[in-house]
Amino acid sequence: MKKKPEVRAGANDFHTAIEDAHVVALWEMFGGEGGPQPSPEPAFHWPWRVIEPLMDRAVSETGMDDAERRVLSLANPAHGRDDYFRATTNLNAGLQILMPGERARPHRHSMDALRFVIEGKGAATIVDGKRCEMEPGDLILTPAWTWHEHVHDGEGRVIWLDSLDVPLVQDMDATFFEPGPAKDFPVLPADSAYTMAGLIPPDSIATAYSPLFRYPWTQAREALMATPPGEDGSRVLRYVNPATGGPVLARLDCYLLGLDHGKPTRRYRSTSNAVCFVVEGSGSSTVGDETIDWETNDIFTLPHWSWISHTPGPDGAKIFRSTDRDVMRRLELLREEQE
Ligand code: 1HN
């Protein structure tokens, strides 16, 4: 039980009295006008050359009988070690590895999750009974409260990026979790019913998340190449729910960025946060005061309200982005500026 506020009628010292009463004098907290501004969070970078050997070591250290999921969570030091689910404000990211013959047991939770496949063949994620093959570059959704498990019947290691809204759901104290076996799930149409943009089974309108669970890389890459570049030469595609045109998940929104010119993209800043994964190529990004030199398979963050610009290397680059942007928009908190 929390201590009840105690009114010390005799306390002459104002600060002792207000502390005892559990109130705070706001005029003493903020200097200047307008209250607090977004606190600058530096961008953070996890290079593949550092993380990859740790994935192999995770396999030798831990079998799937001991680890529910073999995930290395990307814990941004800006938020402290105890906050190990926070890659950036509102977003979790981690790398998961599965070896041939292994499986990660079914479960479901109130957090939205997505998988972006980095390497390997033969693994699949089963989402509410739909089997989604995992090939490099594929985006696979495991929306909040859908049953999901990972299986691997192929050869060699399979590694993917997990991105979840864990910090946001934790901050709202709305974390629910249920272990499998999977039961009582709605049966959605096969992904192949959504193969043609502009044609959907009409019942799809009812779903709060995309009824399409797998966005294959071959098609996404082709669509990106066919997308007209903007003034600064960059191409942008958004992964959407085909039934609504909105974000793929209630609290995660995904984009592909294609950079094929050597010049920097237009600087912008946003109140949203993002985790970036370099699918192809190399280059650098300026985020606030920092410049990050990235290569294929690297992961880095784009924290809110820092000025951002990307510059590809000579061979161009493709970047996958998982962001809280649509959450901010629906909360009427999205502000964006471009130079
Ligand atoms: C989770 O359920 C998975 O299902 C991966 O593969 C990472 C991180 C935090 C909470 C739940 C998975 C996760 C997770």
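Residues numbered from 1 in each chain as written. Predicted model: local features only at pLDDT ≥ 70, side-chain atom pairs only at ≥ 80, totals over all residues. Heavy atoms only, no water.

Caption draft 1: Up close: the packing of aromatic side chains. The final tally for this structure, using the stated rule, is 10 aromatic pairs. Between Phe116 and Trp217 the ring centres are 6.3 Å apart and the planes differ by 80°, which places this aromatic pair in the edge-to-face class. Residue Phe116 is located in strand E5 (residues 113-119), and its partner Trp217 is located in helix H4 (residues 217-226); the two are separated by 101 residues in the primary sequence. Between Trp294 and Phe300 the ring centres are 5.9 Å apart and the planes differ by 10°, which places this aromatic pair in the stacked class. In this pair, the class of Trp294 matches that of Phe300, namely buried. Among the aromatic residues, ring-to-ring pairing joins Phe116, Tyr215, Trp217, Tyr239, Phe277 and Phe320 into one connected group. (Phe/Tyr/Trp six-rings, centres within 6.5 Å; stacked < 30°, edge-to-face > 60°. Helix = DSSP H or I, 4+ residues; strand = E, 2+ residues; numbered from the N terminus. Buried < 20%, exposed > 50% of the residue type's maximum accessible area, 1.4 Å probe, protein only.)

Caption draft 2: The sheet that holds strand E7 (residues 130-134), seen in detail. One open sheet accounts for five strands, arranged E7-E6-E9-E4-E11; its pairing is antiparallel. At either end of the open sheet lies a strand with only one pairing partner, and these are E7 and strand E11 (177-179). Across the sheet, the axes of successive neighbouring strands diverge by a mean angle of 25°, strand direction being ignored. Across five bridges, strand E6 (residues 123-127) lies against E7 in antiparallel orientation. In the strand pairing of E7, Thr125 is matched with Cys132. (Pairing = 2+ DSSP bridges. Axes fitted to C-alpha atoms, helices over the stretch in contact; angles between N-to-C directions.)

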